[in-house]
Amino acid sequence: MATVEIRAVKKAYGATAVIHGVDVDIEDGEFVVLVGPSGCGKSTLLRMIAGLEDISGGEIRIGEQVVNGMPPKDRDIAMVFQNYALYPHMTVAENMGFSLKLRKAPKAEIETRVRRAAEILSLDHLLDRYPRQLSGGQRQRVAMGRAIVRDPQVFLFDEPLSNLDAKLRVQMRTEIKELHQRLHTTTVYVTHDQIEAMTMADKIVVMHDGIVEQIGAPLDLYDRPANQFVAGFIGSPSMNFLKGHVRLDGTPRFETPDGIALPLSSPGGVEDGQPAVYGVRPEHMQTDPQGVAAQVLVTEPTGAEILVVAKVGEQEINCLFRERLSFAPGETIRIAPQPNLTHLFDERSGRALA
Amino acid sequence: MFRDKAPWWAYVAILLTSIGAVLPLAWLFLLSLDPNQGIASGSGVYSLKNYASVIFQSMMAQYFLNTTIVALFTVLCTLTCATLGAYAASRYRFPGRETIMIGLLLASMTPVIAVLVPLYALAAKLQLLNTYSILVIVFTAWQLPGTLWLLRSFMNSIPPELEEAALVDGCSRAGAFVRIVLPQLVPGLLAAGLIVFVYVWNEFIIAVSLAAKQDMRLVSVGLYFYLSDFGVEWGKIAAGAIVSIIPPAILFLFLQRQLIHGLSAGAVK
């Protein structure tokens, strides 16, 4: 196990810069998730930690050692790839023992460690099979087995669940989390799925266009997003954003261009009349006889909850209700955000204001 | 998908094509069994005399040895160069990569006859006429572009993540190539090797121009000289032709699955 320090790391392909100076500190034994939309540079950053991509600037340390120029095989890391990358001409046991064989470990030790890893991942009965004879979930497990057999300093996961169906993905998510709780190996995990990030991470790094937007614990990011991008990216369904102005005459409030007033949580640091973006999560909306009028456009009941898409003035808003409510399209309902659970962002920079 | 039962005319077409392919061979075989010296002697007498004479009383055994040596070395050289080239063309980005690949393809379309005279002059100057070396060099050069293209498409179908996983697992780049890429490439190598082998076995123009001395002849050249060495001995030519078909036929028989797999690589994910 080891810490990983990423200092002002940059990556450019010729004149095209894809990562513009990223700093991340990963504690020993921590489970860190790099999350962001496709093309944000998260996989590139992971591959730089692995040594599969050159580092154009800055420094990466694993433990005490700067690994910038070090080939992957000397970094003492293990990686799980999106398409599993199992060696097709080797059995499950050979796949898992390959790295130990390369290190010239004694045969008996390889066998013991492969067996132990196989037991942890319930692969004992599959050791003689070839990858093509396995299901997607089993292949995923073998890929993880190949990683844990070595007891490396750092685990790297590159979107390992994205090729699995929804049900299996949830199951494997739990298994990976369990595995981490058991082994406590420092883990860097890349995904574009914010639910994976929220459920698995000790710490989330939100990336966008080659920069880090925010680093923090999952609930921190959910409760206190640093900017509009993070606010919109974390949480599902994503946060509602309404355009308008701050009004500080009388009761502090947010006013949409249609003149609809919404309550402000803590209107410090803003000026009267300042243009801003008002953010409220769908699950923080509630029905309220004193609330603003909204016209129902679509309802999407899922059993546990109901998503209502409604129109407030000219702007659309999503509301997620836990109660069994039934609304007809076109019906006018009254809704209001729960107090103290709203956000305010600068209109131009997207920075959180209050 | 075309999974319906084939219509009757498809069977008729296949039958006619098969007859077209087999008929000359059958005729050749009958001819080879005719001990009399005539294409249509129709004597009704059959014996293996021609075969005995071709195998034991002619240079045919030497020609077989020559062809086998040249073919094996050509296969070895072509596959070695093409594998390394295909790896570079598949895995590395470098300026002019596609131009080089297209250029190779264009070069391979040059008719042999156009380069025959310069090749002869060059071989003479290097004092390589009537040697195995010149045949291996020229055949390798001739087969390299096609083989390179075939192996590159094969290499492209091997996910780069396999090598990356091997790098992380503890291999060097060369180690990953040998331990991970090459084993995946085996069907492609077999297919390419078979194509090159059969090419050398059938090649005539280059062989007759650069190595026509009697003890250096390849099988195809040897057969041709039957026409002139002893007058026209049809029975012996036929027997020699039938014998010369055997090695490639055996190879095909054993490797046909790999050949089909290798040639269709990358066609479907």
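Reading the values: rules and limits
Chains are numbered independently. Their residues run from 1 in the order of the written sequence. Whichever chain is written first becomes A and whichever ligand is written first becomes 1, with later ones labelled in order. Thresholds applied to this predicted model are a pLDDT of at least 70 for local features of residues and 80 or more for the giving and counting of side-chain atom pairs; totals over whole chains, interfaces and linings are not thresholded and use all residues. Water and hydrogen atoms play no part in the side-chain values, which are based on all heavy atoms of the structure. Being paired, for any two strands, means DSSP has found at least two bridges between them. In this description a helix means any DSSP run of H or I spanning at least four residues, a strand means any run of E spanning at least two, and both kinds are numbered starting from the N terminus. To obtain each axis, a line is fitted to C-alpha atoms, and for helices this fit is confined to the stretch in contact; angles are then taken between N-to-C directions over 0 to 180 degrees. Contact definition: two residues touch when any of their heavy atoms are within 4.5 Å. UniProt positions are given in the numbering used here, feature names are shortened, and annotations may be inferred rather than shown by experiment. Take the accessible area each of two parts loses on contact, using a 1.4 Å probe, and add the two losses: that sum is the buried area. Here, a salt bridge means any Lys or Arg side-chain nitrogen found within 4 Å of an Asp or Glu carboxyl oxygen. Only protein chains enter the accessibility calculation, which uses a 1.4 Å probe; a residue is then buried when its area is under 20% of its type maximum, exposed when over 50%, and partly exposed in between. In the cavity and pocket records, a cavity denotes points on a 1 Å grid over the protein atoms alone where a 1.4 Å probe fits but cannot get out, a pocket denotes an open set with protein on both sides within 12 Å along at least 5 of 7 lines, and lining residues are residues with an atom within 4 Å of a point. Grid points are joined across faces, edges and corners, and a volume is the space filled by probe spheres set on the points. Three classes are used, and their members are as follows: Ala, Val, Leu, Ile, Met, Phe, Trp, Tyr, Cys and Pro are nonpolar, Asp, Glu, Lys and Arg are charged, and the others, Gly among them, are polar.

### Side note on the sheet that holds strand E11 (residues 240-247) of chain A
All names here are of chain A.
Step number 1: Spatially, E13-E12-E11-E14-E19 is the arrangement adopted by the five strands of the open sheet, whose pairing is antiparallel. Two strands bound the open sheet, and with one partner strand each, they are strand E13 (261-263) and strand E19 (342-346). Across the sheet, the mean angle separating the axes of adjacent strands is 45 degrees when strand polarity is ignored.

### Focus: the sheet that holds strand E1 (residues 4-13) of chain A
Residue and element names in this part refer to chain A.
Step number 1: Reading across the sheet, the four strands line up as E2-E1-E4-E5 and stay open at both edges, with antiparallel pairing between neighbours. Unpaired on one side and paired on the other, strand E2 (16-26) and strand E5 (65-66) mark the two borders of the sheet.
Step number 2: With eight bridges connecting them, E1 and E2 associate as antiparallel partners. Note that in E2 the partner of Lys-11 across the bridge is Ile-19.
Step number 3: Each of E1, E2 and strand E4 (57-62) touches helix H1 (residues 42-50); the most contacted strand, E1, lies at about 115 degrees to it.

### Description of the side chain of Thr-256 of chain A
Step number 1: You can see Thr-256 of chain A is positioned in the loop between strand E12 (253-255) and E13.
Step number 2: With residues near it in sequence (within four places) discarded, Thr-256 of chain A still touches Lys-243, Gly-244, Leu-262 and Gln-315 of chain A.

### Here's the deal with the UniProt feature "transmembrane region" (unreviewed entry) in chain B
Residue and element names in this part refer to chain B.
Step number 1: In the numbering used here, UniProt assigns the "transmembrane region" (unreviewed entry) feature to residues 9-30, 63-88, 100-123, 129-151, 189-212 and 232-255.
Step number 2: Helix and strand shares over residues 63-88 are 100% and 0% respectively, and the end C-alpha atoms of the span are 37 Å apart.
Step number 3: The span residues 232-255 shows a helical share of 92% and a strand share of 0%, and its end C-alpha atoms are spaced 36 Å apart.

### Topic: the interface of chain B and chain A
Size of an interface, as often reported, equals the accessible area lost when the parts are brought together.
Step number 1: Chain B puts 16 residues into the contact, and the matching count from chain A is 21 residues.
Step number 2: Carbon and sulfur atoms supply 65% of the area that chain B and chain A bury against each other, a total of about 1600 Å² over both sides.
Step number 3: Taken as a group, Glu-164, Val-168 and Asp-169 of chain B account for 39% of the area that chain B buries against chain A, more than any other trio of residues on that side.
Step number 4: Summed over the shared surface of chain B and chain A, the number is two salt bridges.
Step number 5: Close ionic contact of Glu-164 of chain B with Arg-47 of chain A constitutes a salt bridge, the shortest N to O distance being 2.7 Å.
Step number 6: Of the residues forming the side of chain B that touches chain A, the biggest block, eight residues, is contributed by helix H7 (residues 160-169) of chain B.

### Some remarks on the environment of Leu-161 of chain A
Residue and element names in this part refer to chain A.
Step number 1: As for its placement among the helices and strands, Leu-161 is situated in the loop between strand E7 (154-158) and helix H5 (166-183).
Step number 2: When its relative accessible area of 0% is taken as the criterion, Leu-161 is described as buried.
Step number 3: Along the chain, Leu-161 and Met-172 lie 11 residues apart, while their C-alpha atoms are 7.4 Å from each other.
Step number 4: Sequence-distant contacts of Leu-161, defined by excluding residues within four places in its chain, comprise Gln-140, Arg-169, Met-172, Arg-173, Ile-176, Tyr-189 and Glu-196.

### Some thoughts on empty space enclosed by the protein
Step number 1: Under the defined criterion, the tally for this structure stands at three cavities of 30 Å³ or more.
Step number 2: Only strand E6 (77-80) and helix H4 (136-148) of chain A together with H7 of chain B provide two or more residues apiece to the lining of the largest cavity.
Step number 3: The residue makeup of the lining of the largest cavity, split by class, is seven nonpolar, no polar and three charged.

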